[in-house]
Amino acid sequence: MTTSKIKGAEAVLLSLLEEKVEYIFGYPGGQAIPIYNALYDYKDRLQHILVRHEQGAAHAAEGYARVSGKVGVCLVTSGPGVTNTITGIADAMLDSTPIVVIAGQVPAHLLGTDAFQEVDVMGVTLPVTKWSYQIRTPEEIPWAVAQAFYIASTGRPGPVVLDVTRTAQIGDMEYKPVKINHIRSYIPKPDMEPEQVAIAAELINQAKKPFALIGQGVILGNAEAELLDFLKKADIPAGSTLLGLSALPSDNPLNTGMLGMHGNYAPNVKTNECDVLIAIGMRFDDRVTGNLQTYARQAKIIHLDIDPAEINKNVKVDVAVLGDVKETLPAITSLLRENHHTEWIEEFRELYKKEEEKVIRKELYPASEKLTMGEVVNKVSEATGHKAVLVTDVGQNQMMGARYFRYSRTRSVITSGGAGTMGFGLPAAIGAKFGAPDRTVCLFTGDGGLQMTIQELGTIMQSNLDVKIIVLNNEYLGMVRQWQELFWSERYSEVMMKNPDFVKIAEAYNIPARQVKERAGLDEAIAEMLNTKGAYLLEVMVEKKGMVYPMVPAGASISDILLGD
């Protein structure tokens, strides 16, 4: 059978369709024009979302991937086009987010000549990707795209970059679809070792004070139901990392809250008191462990992970259970005895009461007339019935969002964890809405982070997206200011923000907006925002020098968590 010849550019699009891609987040440019020209005839099959900056394309692809469980796709040009995506690529690498970035590149015969808008994409991206590949001939395209999606989405997910020379784009080829489900020497899912499963189960059966740490690996592995069965059978309290938060509903009685620097008091303190610590799909990030010399020294540690590189990387463990958590968790659960740890769980509740008294009530129901970030987050969460997708930028708004938004569904927290990327929030919210069109998407951002990618309001306008944007404006770079106050003798160096009129800016993009300064108008404004069809920007002027507590000082033991002044 003879196959008619097509251009490599069209083969890129056909290969994306083979991977069931629906959305492409991108920005055209000289060396990507052949692909964009081919896209003109595929508008009914591939929806392109025109962002306003390539960094926005990468973050939007991340938001889409995180909420949908699919691979996010970017399409950009060479040189500055692809280098503008590097922040998003690095962010995706640290947070195990599957995205594929397709970049145009100069013709193959000009590689290495410092041609106009030529950048060594392989050299730049290899350190922050699972795989990067330069396509020089059209015949490589179907294979390279198929391999990119396989690598990005399997095992521990992550970003992949395809650098497509103009030579490959404009060359003729006979297109045949390629499907890849195996790559020699690439083992995305290590085999489960039954003996390790048995040892782990016996440790848990003997434990008097077991404690589970829930990471994003549970969500990436679609193992939320398996997690619940595991926790219920052995009656194990659980704390979550920032990215693992919505793996367990907020109101589950075994959910003790968030781990880490600004996490809840009980799970942090009890980490250093448990006798068996079960880490499930998390990597012992420094923001979770604090000082490693004092971290869980009293406990036997079990680590369930799909990535062998994470075992003993930061914390030496007693039992490593490698494999897909959707398989390893049930295997352990089947060997567990039904148990009850009533007294142990009550200890968490007592510490929660202490945090509630010293921190939570003051944040949610402040005596001051000044609005707090926490009360705004809490009110929005309640108004959405705790069913919305939380997207945050980075800083105090992020920590307050994570602490006081509540979750009833999985894949409900979209935030930049490992990289802590300011400017992540707005484009990620755009991607999240495309990934979950039937869910309410609420973005909480600070006045600083918003201005890093504020141009993406244009993407919202052009795409007619229903994204609710809540700007928690304290006229400071709040988290840096908090550190300067606590640890740098209140030397507030370059953290005060003189801001534009955000309401007018939003209205310039045809986005309804409103500013609230007083508590009396907050509930009405939130209701107006949620009842408005389409996008809405709600700017809330909050306490200028609010603090996020609890807080584990950098380098301190998690047991030394501070509850306030």
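Anything mentioned here points back to the structure above.
Predicted, not measured: the structure shown is a model, and the values here were computed from it. All residue numbers refer to position in the chain's written sequence, counted from 1. At least 70 in pLDDT is required for a residue's local features to be given in this predicted model, at least 80 for side-chain atom pairs to be given and counted, and no such filter applies to totals for whole chains, interfaces and linings, which use all residues. With hydrogens and water excluded, all non-hydrogen atoms of the structure serve as input to the side-chain values.

### Regarding the overall build of the protein
No. 1: Check the secondary structure of the protein and you find 23 helices and 20 strands.
No. 2: Here the globule rule is a power law, 2.2 Å times the number of residues to the power 0.38, and the radius of gyration is based on C-alpha atoms. Whereas a compact globule of 565 residues would reach a radius of gyration of roughly 24 Å, the protein reaches 24 Å, a difference of no more than 12%.
No. 3: Buried positions account for 61% of the 565 residues belonging to the protein.
No. 4: Contacts are assigned to residue pairs with any non-hydrogen atoms lying within 4.5 Å of each other. The contacts of the protein with a sequence gap of at least 6 include a subset with a gap of at least 24, amounting to 77%.
No. 5: Every accessible area reported is derived by Shrake-Rupley at a probe size of 1.4 Å, with residue values counting cover from the shown protein chains alone. Split by element, the accessible area of the protein, about 23000 Å² in all, is 50% carbon and sulfur.
No. 6: Positive: Lys, Arg. Negative: Asp, Glu. His and the chain ends are not part of the count. To locate a charge, the coordinates of NZ of Lys, CZ of Arg, CG of Asp or CD of Glu are taken. When the 55 basic and 68 acidic side-chain charges of the protein are each reduced to a single mean position, those positions are 2 Å apart. Numbering of helices and strands runs from the N terminus, with a helix taken as a DSSP run of H or I at least four residues long and a strand as a DSSP run of E at least two residues long. Think of it in three bands: with a 1.4 Å probe and only protein chains considered, a residue is buried below 20% of the maximum accessible area for its type, exposed above 50%, and partly exposed in between.

### Here we look at the sheet that holds strand E20 (residues 536-541)
No. 1: At least two DSSP bridges between two strands are needed for those strands to be called paired. The strand order across the open sheet formed by 6 strands is E16-E15-E17-E18-E20-E19, and the pairing between neighbours is parallel. Edge positions in the sheet fall to strand E16 (413-414) and strand E19 (513-516), since each has one partner strand and no second.
No. 2: Summarising the sheet, strand E15 (residues 389-392) and E16 pair through 2 bridges and their orientation is parallel. For Leu390, the partnering residue across the bridge sits in E16 and is Val413.
No. 3: Helix axes are fitted to C-alpha atoms over the stretch in contact, other axes to C-alpha atoms as well, and angles between N-to-C directions run from 0 to 180 degrees. Those strands touched by helix H17 (residues 396-404) are E15, strand E17 (441-446) and strand E18 (468-473), and its axis lies near 160° from that of E15.
No. 4: Docked against the sheet, helix H18 (residues 425-435) engages E15, E16, E17 and E18, running at close to 175° with respect to E17.

### Examining the sheet that holds strand E6 (residues 131-135)
No. 1: Spatially, the 6 strands line up as an open sheet ordered E3-E2-E4-E5-E7-E6, and their pairing is parallel. Because the sheet does not close on itself, it has two edges, and the strands there are strand E3 (47-50) and E6. Put simply, the sheet's adjacent strands are angled 20° from each other on average, direction ignored.
No. 2: Sheet topology note: the strand E2 (residues 23-26)/strand E4 (residues 72-76) ladder contains 2 bridges and is parallel. Considered in E4, the bridge of Gly26 is made with Leu75.

### Describing helix H23 (residues 522-531)
Every α-helical turn comprises 3.6 residues, leaving residues that sit three or four positions apart pointing alike.
No. 1: Residues of H23 that are buried: Leu522, Ala525, Ile526 and Met529. Considered in projection along H23, the buried side chains sweep an arc of 100° and stay on one side of the axis. Those residues of H23 that are exposed and angled more than 90 degrees off the buried face are Glu524 and Asn531.
No. 2: In the core, the buried residues of H23 are packed alongside helix H16 (373-383), E18, E19 and E20. By definition, the arc is the one covered by directions from the helix axis to the C-beta atoms.

### Section: the side chain of Asp305
No. 1: In this structure, Asp305 sits in strand E13 (residues 300-305).
No. 2: Polar side-chain contacts of Asp305 include one of 2.9 Å to the backbone nitrogen of Asp307.
No. 3: Setting aside residues no more than four positions away along its own chain, Asp305 makes contact with Gly281, Met282, Glu310, Ile311, Val321, Leu322 and Gly323. Here a polar contact is taken to be a pair of N or O atoms separated by no more than 3.5 Å, where protein atoms must pair a possible hydrogen donor with a possible acceptor and residues adjacent in sequence count only if both atoms sit in side chains.

### Thoughts on the packing of H16 against H23
Angle between the axes and distance between the axes: these two values describe a pair of packed helices.
No. 1: The interhelical angle for the contact between H16 and H23, taken along N-to-C directions, is 45°, at an axis separation of 10 Å. One finds that H16 runs oblique with respect to H23. In this structure, the crossing between H16 and H23 has a hand that is right-handed. Judged by residue contacts, Val376, Lys379, Val380 and Ala383 of H16 engage Leu522, Asp523, Ile526, Met529 and Leu530 from H23. Angle categories: roughly parallel below 35 degrees, roughly antiparallel above 145, roughly perpendicular from 65 to 115, and oblique for all the rest. Crossing handedness is read from the near helix: turned anticlockwise from the far helix by less than a right angle, it gives a left-handed crossing, and turned clockwise, a right-handed one.

### Focus: the pattern of salt bridges
If the charged atoms of two oppositely charged side chains come close together, the side chains can form a pair.
No. 1: A carboxyl oxygen of Asp or Glu within 4 Å of a side-chain nitrogen of Lys or Arg is what we treat as a salt bridge. Applying the stated rule across the entire model yields 24 salt bridges.
No. 2: Among the ionic pairs, Arg514 bridges to Glu524, the shortest N-O distance being 3.7 Å. Within this pair, whereas Arg514 is found in strand E19, its partner Glu524 is found in helix H23, the two being separated by 10 residues in sequence.
No. 3: By relative accessible area, which is 51% here, Glu524 ends up exposed.
No. 4: One continuous salt-bridge network, built from bridges that share partners, spans Arg156, Asp307, Glu310 and Lys313.

### Digging into the nonpolar core
No. 1: Joining through side-chain atoms within 4.5 Å is the link that ties buried Ala, Val, Leu, Ile, Met, Phe, Trp, Tyr and Cys residues into a set, and such a set is a nonpolar core. Counting 68 residues, the largest nonpolar core has Leu277, Phe284, Tyr295, Phe405, Phe444 and Ile470 as its most contacted members.
No. 2: Among the elements that make up this core, the one with the highest residue count is helix H15 (residues 342-364) (6 residues).
No. 3: With residues up to four places along the chain from it excluded, the contact list for Phe284 reads Leu213, Ala279, Thr289, Tyr295, Ile301, His303, Asn314, Val315 and Val317.

### Observations concerning unusual backbone geometry
No. 1: In this structure, Pro550 follows Tyr549 across a cis peptide bond, with omega equal to 0°.
No. 2: Summarising the element assignment, Pro550 is placed in the segment after E20.
No. 3: Residues other than glycine seldom take positive phi values, yet Asp114 does so here, at roughly 60°.
No. 4: You can see Asp114 is positioned in the loop between strand E5 (99-105) and helix H6 (121-125).
No. 5: Located in the positive-phi region is Phe284, a residue other than glycine, with phi close to 55°.

### Observations regarding the environment of Thr532
No. 1: Relative to the helices and strands, Thr532 is located in the loop between H23 and E20.
No. 2: Spatially, the C-alpha atom of Thr532 lies 9.3 Å from that of Lys468, the residues being 64 residues apart in sequence.
No. 3: In this structure, Thr532 is in contact with Asp466, Lys468 and Pro512, ignoring residues within four places of it in sequence.

### Thoughts on the pairing of E4
For a regular strand, side chains alternate in direction, first toward one face of the sheet and then toward the other.
No. 1: A large share of E4 lies buried, amounting to 5 of its 5 residues.
No. 2: Both faces of E4 are covered, namely the face carrying Gly72, Cys74 and Val76 and the face carrying Val73 and Leu75.
No. 3: For E4 and E5, the ladder comprises 5 bridges, and the chain directions are parallel. Its bridge partner being in E5, Val73 is matched across the sheet by Val100.

### A few points about the packing of aromatic side chains
No. 1: Each aromatic pair joins two rings of Phe, Tyr and Trp (for Trp, the six-membered one) with centres within 6.5 Å, and gets the label stacked for planes under 30 degrees apart, edge-to-face for over 60, and tilted for any other angle. Using the criterion set out here, one finds 15 aromatic pairs in the structure.
No. 2: Between the aromatic rings of Tyr133 and Trp143, the centroid separation amounts to 5.1 Å while the plane-to-plane angle is 80°, which identifies the pairing as edge-to-face. Placement of Tyr133 in strand E6 and of Trp143 in helix H7 (residues 141-153) is noted, with a sequence separation of 10 residues between them.
No. 3: Residue Trp143 is classed as partly exposed on the basis of its relative accessible area of 30%.
No. 4: Measuring from centroid to centroid gives 6.2 Å for Phe405 and Tyr407, while their planes differ by 45°, and the two rings are tilted.
No. 5: Aromatic rings pair up to connect Tyr23, Phe25, Tyr64 and Phe434 into one cluster.
No. 6: Only lysine NZ and arginine CZ atoms are considered, and such an atom sits over a ring when it is within 6 Å of the ring centre and within 35 degrees of the ring normal. A cation over an aromatic ring shows up here: Arg481 above the ring of Tyr476, its NZ or CZ 5.9 Å from the ring centre.

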